[in-house]
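# Chains, contacts and geometry: an overview
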Amino acid sequence: MTLNVSQIRKDFPILEREIRAGVGLTYLDSTATSQKPLVVIEAMNDYYRRSNANIHRGVHALAEEATTMYEGAREKIAKFINAASARQVIYTRNTTESINLVAYSWARANLKQGDLVILTEMEHHSNLVPWHMLQAERGIEMDFIPVTEDGVLDLGMYKTLLDRRPKLVSFTHMSNVLGTINPAAEIIRLAHEAGAITLVDAAQSVPHLTVDVQALDADFLAFSAHKMCGPTGIGALYGKTALLESMPPFLGGGDMIKEVKLRSFRPNTLPHKFEAGTPAIAEAIGFGAAVDYLSKIGMDAIAAHEHEITEYALERLEEIPGVKLFGPSADKKGGVAAFTLEGVHPHDVAQILDQDGIAVRAGHHCAQPLHEKFGIPATSRASFYLYSTKEEVDLLVNGIYKVKEMFG
Ligand code: 7TS
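The residue numbers shown here count from 1 along each chain, following its written sequence. For a predicted model such as this one, the threshold for reporting local features is a pLDDT of at least 70, and the threshold for listing and counting side-chain atom pairs is 80 or more; totals across whole chains, interfaces and linings nevertheless cover every residue. Calculation of side-chain values draws on the structure's entire complement of heavy atoms; hydrogens and water are dropped beforehand.

## Considering helix 3 (residues 61-80)
Applicable threshold: For the purposes of this entry, the term helix denotes a DSSP run of H or I that reaches at least four residues, the term strand denotes a run of E that reaches at least two, and both are numbered from the N terminus. What a helix should span is 1.5 Å times the count of its residues minus one. Note on classification: 1.4 Å probe, protein chains only; a residue is buried when its accessible area is under 20% of the maximum for its type, exposed when over 50%, partly exposed between these limits. Should any heavy atoms of two residues lie within 4.5 Å, those residues are considered in contact.
Between its first and last C-alpha, helix 3 extends 28 Å over 20 residues, near the 28 Å set by a 1.5 Å rise per residue. When helix 3 is considered as a whole, its buried residues turn out to be Ala63, Ala66, Thr67, Tyr70, Ala73, Arg74, Ile77, Ala78 and Phe80. On the buried face of helix 3, the contacting elements are helix 2 (38-51), strand 4 (89-92), strand 9 (220-224), helix 10 (281-297) and helix 11 (299-318). Positive phi shows up at Asn82, right after helix 3, with a value of about 55 degrees.

## Digging into the site of the ligand
Cut-off, in case you're wondering: Any residue with a heavy atom positioned within 4 Å of a molecule or strand is treated as near that molecule or strand. A 3.5 Å cut-off defines polar contacts: any pair of N or O atoms within that distance qualifies, except that in protein one atom must be a possible hydrogen donor and the other a possible acceptor, and neighbouring residues in sequence count only when both atoms are side-chain atoms. Residue type decides the class: Asp, Glu, Lys and Arg count as charged, Ala, Val, Leu, Ile, Met, Phe, Trp, Tyr, Cys and Pro as nonpolar, and the leftover types, Gly among them, as polar.
Lining the immediate environment of the ligand, one finds 18 residues, of which Thr96, Asp201, Ser224, Arg361 and Arg381 sit closest. Here a nitrogen atom of the ligand and a side-chain polar atom of Asp201 are 2.5 Å apart. Take Arg381: an N or O atom from its side chain is 2.7 Å from an oxygen atom of the ligand. The residue inventory of the shell around the ligand, partitioned by class, reads three nonpolar, 11 polar and four charged.

## Brief notes about unusual backbone geometry
Of note, the amide linkage connecting Leu270 to Pro271 takes the cis form, showing an omega dihedral of -5 degrees. Although it is not a glycine, Cys229 sits at a positive phi angle of roughly 75 degrees. Take Cys229: it is sitting in the loop between strand 9 and strand 10 (235-239).

## Structural notes on empty space enclosed by the protein
Selection criterion: Cavity means a closed set of points on a 1 Å grid over the protein atoms alone, one where a 1.4 Å probe fits but cannot get out, pocket means an open set with protein on both sides within 12 Å along at least 5 of 7 lines, and lining means a residue has an atom within 4 Å of a point. Grid points are joined across faces, edges and corners, and a volume is the space filled by probe spheres set on the points.
All told, the structure shown has one cavity of 30 Å³ or more when counted by the stated rule. If you add up the space inside the largest cavity, you get close to 40 Å³. In this structure, the largest cavity is lined by Val177, Leu178, Phe326, Leu370, His371, Phe374, Ile376 and Thr379. Partitioning the lining of the largest cavity into residue classes produces six nonpolar, two polar and no charged.

## Examining the packing of aromatic side chains
Formally: Pairing of aromatic rings covers Phe, Tyr and the six-membered ring of Trp, with a centre-to-centre limit of 6.5 Å; geometry is then stacked below 30 degrees between planes, edge-to-face above 60, and tilted otherwise. To sit over a ring, a charge needs its Lys NZ or Arg CZ within 6 Å of the ring centre and within 35 degrees of the ring normal.
In this structure the tally under the stated criterion is eight aromatic pairs. Taking the centre distance of 5.9 Å and the plane angle of 35 degrees together, the rings of Tyr104 and Phe250 count as tilted. One end of the pair, Tyr104, is in helix 4 (residues 95-110); the other, Phe250, is in the loop between helix 9 (241-246) and strand 11 (257-261), with 146 residues separating them in the sequence. For Tyr104, a relative accessible area of 35% puts it in the partly exposed group. Taken together through their ring pairs, the aromatic side chains of Phe12, Tyr293, Tyr385 and Tyr387 make up a single cluster. A cation over an aromatic ring shows up here: Lys390 above the ring of Tyr312, its NZ or CZ 5.4 Å from the ring centre.

## Notes on the pairing of strand 12 (residues 264-267)
How we decide: Here, strands pair whenever DSSP counts at least two bridges between them.
As defined by bridge partners, strand 11 adjoins strand 12 across four bridges and the pair is classed as antiparallel. Looking at the pairing, Val260 lines up with Phe265 of strand 12. Joining the antiparallel neighbours strand 11 and strand 12 is a turn of two residues.

Structure representation (structure tokens):
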């Protein structure tokens, strides 16, 4: 089960670079985006060198080859999340677009004024703003599962909210700030009992945990390739077949149609109905290579490694006087450590760490309401992945002591 991390690190060319003369890279920002292994970079390069053609449109050999690679990647992604069929995996640009697809297509066809959407207080802006926009347009109602002081969802309050018969429960599987892993199967089961459908923001879970859409019984599930060793510019929306089939198209144009007349069109079958225009072909192929890479190492082994690093990081960070950590204990969370340092702005912390090549993020991490809940404008955040080491945690801790020295 233990990962050979020094071997894994060799798969990632960027981890060898110097950030400035004599200063190596300590990359602790994988929650924002992960680094990319050479196999992913090469898969995309190979496609452009050898197989570049537009998909679904040509009978020539290259077009067929590109189509096979593009659709082959979809099969891999479907298998990775245990979707029953690859037709249930829609390529999008990212998690944000996947959620917007549901908001524009399913929600605009199914929600009317006064209908309730339940979210949580720990959502990323990408699972808040699309619903704000629908609220302004349609007058839907929104309510929120509260986050406790410990950084977990208040499920008792959730059950009370369900008495109001929501139409949709949309929630993050894992918080990008607190690291909290939410009990998705239970949240979904309770939503279904109340007659609601569910959307899982899996941007932070699919890269780090074994996610099985059928075991979860998720109706929709959204994730991004770039957080799971894949390229930017591509993500996926999983959906139950009956729901996807009943939904109107999202964007209109080429590829998403079966037939077009001057005054009408017939939409294509799944998954193409939701993929208008020339898609991100190289990126889809890179996404497939990323899934191969993670599968080969094993998601359970990756999760176990991250758990070990997180436990160590929380322990070491807690020792530092003036550091306040946010989120639950290591057993309830993924590889994220968001913290404040007394008397120092989180941006200053990040900037000083950067002088030693330590990359952490500072700010509200696109979860402003969550920070407001905790009464702070920002945190510094270190996050871990399969290539993270305890030595990197030590560098972070030493760096924070240096910050403390500089600020007296
Ligand atoms: N949902 C969660 C839980 C996220 O962490 C993010 C990105 C998104 C949705 C949006 O993903 P995107 O690929 O569409 O941008 N989170 C972060 C972050 O924590 N720092 O930078 C991006």
